[in-house]
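Structural overview
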Amino acid sequence: MPRPASASGETPRPAAEAAAPAAGPRPAPPKRPGARPAERLPVILTVEPDADYALLDSGAGEKLERYGPLTVRRPENQAIWGKRLADPAWEAADAIFTGDTDEEGLGRWRFPKVPLGETWPLEHKGLSYLGRFTSYRHTGVFPEQAGHWAFVTDAIAAAKRPVKVLNLFGYTGLASLLAARAGAEVTHVDASKKAILWARENQELAGLTEAPIRWICEDAVRYAEREVKRGSRYDIVLLDPPRFGRGPKGEVWQLLDDLPYLLDLCRSLMSDKPLALILTAYSIRSSFYSLQALMTETLRGMGGTVESGELIIREAGEDARCLSTSLFSRWIP
Ligand SMILES: C[S@@+](CC[C@H](N)C(=O)[O-])C[C@H]1O[C@@H](n2cnc3c(N)ncnc32)[C@H](O)[C@@H]1O
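Residues numbered from 1 in each chain as written. Predicted model: local features only at pLDDT ≥ 70, side-chain atom pairs only at ≥ 80, totals over all residues.

By the naming in an unreviewed UniProt entry, the protein chain goes by SAM-dependent methyltransferase and is assigned to Aureimonas glaciei.

Bringing the sheet that holds strand β5 (residues 95-97) into the picture now. Taken together, five strands build an open sheet; the order of strands is β2-β3-β4-β5-β6 and the sheet is mixed. With partners counted over all chains shown, the strands left at the sheet margins are β2 (53-59) and β6 (109-110), one partner each. For strand β4 (residues 70-75) and β5, the ladder comprises two bridges, and the chain directions are parallel. Counted as the bridge partner of Arg73 is Ile96 from β5. (Pairing = 2+ DSSP bridges. Helix = DSSP H or I, 4+ residues; strand = E, 2+ residues; numbered from the N terminus.)

This part takes up helix α8 (residues 288-298). For α8, every residue scored as buried is listed here: Phe288, Leu291, Gln292, Leu294, Met295, Thr296 and Thr298. Elements in contact with the buried residues of α8: β1 (38-47), α7 (255-269), β15 (276-281), β16 (305-314) and β17 (322-332). (Buried ≥ 20, exposed ≤ 12 C-beta atoms within 10 Å, placed from the backbone. Contact = placed C-beta atoms within 7 Å.)

An order of β1-β16-β17-β15-β12-β9-β10-β11 is seen for the eight strands of this open sheet, with the pairing classed as mixed. The open sheet has two edge strands with one neighbour each: β1 and β11 (213-217). Going across the sheet, the axis of each strand differs from the next one's by a mean of 15 degrees, ignoring polarity. Looking at chain direction, strand β9 (residues 164-168) and strand β12 (residues 236-239) are connected through four bridges and run parallel. Counterpart to Asn167 in the pairing with β12 is Leu238. (Axes fitted to C-alpha atoms, helices over the stretch in contact; angles between N-to-C directions.)

Looking at the ligand, there are 27 residues lining it, with Phe169, Tyr171, Ser192, Asp240 and Gly245 nearest. Residue assignment for the shell around the ligand shows that the elements contributing at least two residues are α4 (174-181), β10 (185-190) and β13 (244-246). Its residues placed into classes, the shell around the ligand shows 14 nonpolar, seven polar and six charged. (Near = placed C-beta within 6 Å. Nonpolar A, V, L, I, M, F, W, Y, C, P; charged D, E, K, R; others polar.)

Now for the environment of Ala320. Note that Ala320 resides in the loop between β16 and β17. In this structure Ala320 comes out as partly exposed when scored by C-beta crowding, with 16 C-beta atoms within 10 Å. Linking Ala320 and Arg84, residues 236 residues apart in sequence, is a C-alpha distance of 8.7 Å. Filtering out sequence-adjacent residues up to four positions away, Ala320 remains in contact with Arg314 and Glu315.

Taken together, the buried positions of helix α6 (residues 220-230) are occupied by Ala220, Val221, Tyr223, Ala224 and Glu227. All buried residues of α6 project into a common sector of 160 degrees when viewed along the axis, lining one side. Away from its buried face, by an angle of more than 90 degrees, α6 presents the exposed residues Arg226, Lys229 and Arg230. Close packing links the buried residues of α6 with β9, β10, β11, β14 (252-254) and α7. Directly after α6, the chain includes Gly231, whose backbone phi takes a positive value near 80 degrees. (Arc of directions from axis to C-beta.)

So, on to the nonpolar core. Counting 84 residues, the largest nonpolar core has Ile236 and Val237 as the members making the most contacts within it. Each residue touching Ile236, except ones within four places of it in the same chain, is listed here: Val152, Ala155, Val163, Val165, Leu275 and Ala276. (Core = buried A, V, L, I, M, F, W, Y, C linked by C-beta atoms within 7 Å.)

This part is about the UniProt feature "domain: S-adenosylmethionine-dependent methyltransferase" (unreviewed entry) in the protein chain. UniProt records the feature "domain: S-adenosylmethionine-dependent methyltransferase" (unreviewed entry) at residues 118-248, using the numbering of this structure. From the first C-alpha to the last, residues 118-248 spans 24 Å; its make-up is 35% helix and 27% strand. (UniProt positions renumbered as here; feature names shortened; annotations may be inferred.)

So, on to the pairing of β10. Within β10, five of the six residues are buried, leaving the element largely enclosed by the surrounding structure. As defined by bridge partners, β9 adjoins β10 across five bridges and the pair is classed as parallel. Counted as the bridge partner of Lys164 is Glu185 from β10. The β-α-β motif built from β9, the intervening α4 and the parallel element β10 has right-handed crossover chirality. Sheet topology places β10 next to β11; five bridges connect them, and they run parallel. Residue pairing for β11: Asp190 is matched across the bridge by Cys217. (Right-handed = clockwise from strand over helix to strand, strands pointing away.)

Per-residue confidence for the protein chain gives a mean pLDDT of 92; residues scoring 70 or more make up 92%. The low-confidence segment residues 1-19 (pLDDT under 50) makes 47 contacts with residues lying over four places distant or belonging to another chain. (pLDDT = per-residue confidence, 0-100.)

Written as structure tokens, this is what we have:
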């Protein structure tokens, strides 16, 4: 699934991507001593339909989803099979991504029933936040991340001690807010002012304005470099990098070139009682075996286990199929 990728929190047009200067080589990460962590793979984390979200159908290059009260129809290039539901179900969508103008915001959506605003209220396990019709067909949330959110909130609760979380490429803040609600102190980093603004709106809606969350608008690599220099440490590090992105000062992020360097910085940021390092990767020509190999090399000497696989969403109803959304790899002690 294509993901928000520019500093504006949105997927850039291919032309913009092609025109971007190369990132330049990052320093090669050091070869870490010690044994590689134990390995478990494949691990498939499946999101099942529930009252907050459901994948109603998919096929023919599209998906039909229910986000709280609204049904949303969007392109989905993984859906190369046929639809299960008949046309009327698809035609009854409240919002359809058309992508047929260059306009920012709502212009690229059609609302066949009643005109809708840019946002609408949603919940995830009782946490309130806003769904959004964004210019690049995203909805302000990636429901397939629910498996990671549950894992993180369980780890925070089970730790029974103060837990610090670093959320790099944090977007609209769902992971940060859920971690904060579970009791963690959170540092949320995103290059996009707009994404940070949206995340803060979500913070307010979630009733978490007093929660210890630092919102940082910065390039993820720059921030991690500075944190390493400062000697900061985190118990949980989350990274959900886009394939391509830009920092606020135009810093170029290219996942396949820059991930080894950033991951090594993240390793240096782990506390002496670390709980998890969780990486998700979308829209890359790669395999979870590649993430697994990179993670186990980077985390040599840490003990624990690295498990890798895919985040998938199961359709609702009879004869459901599963939609693959992304690759992930996570280290656990
Ligand atoms: C894939 S989204 C993250 C989604 C989020 N983790 C979630 O599940 O809701 C990618 C985010 O990375 C941000 N981004 C892109 N390039 C960046 C960079 N160089 N440094 C920091 N953030 C960046 C974008 O603004 C966008 O919000």
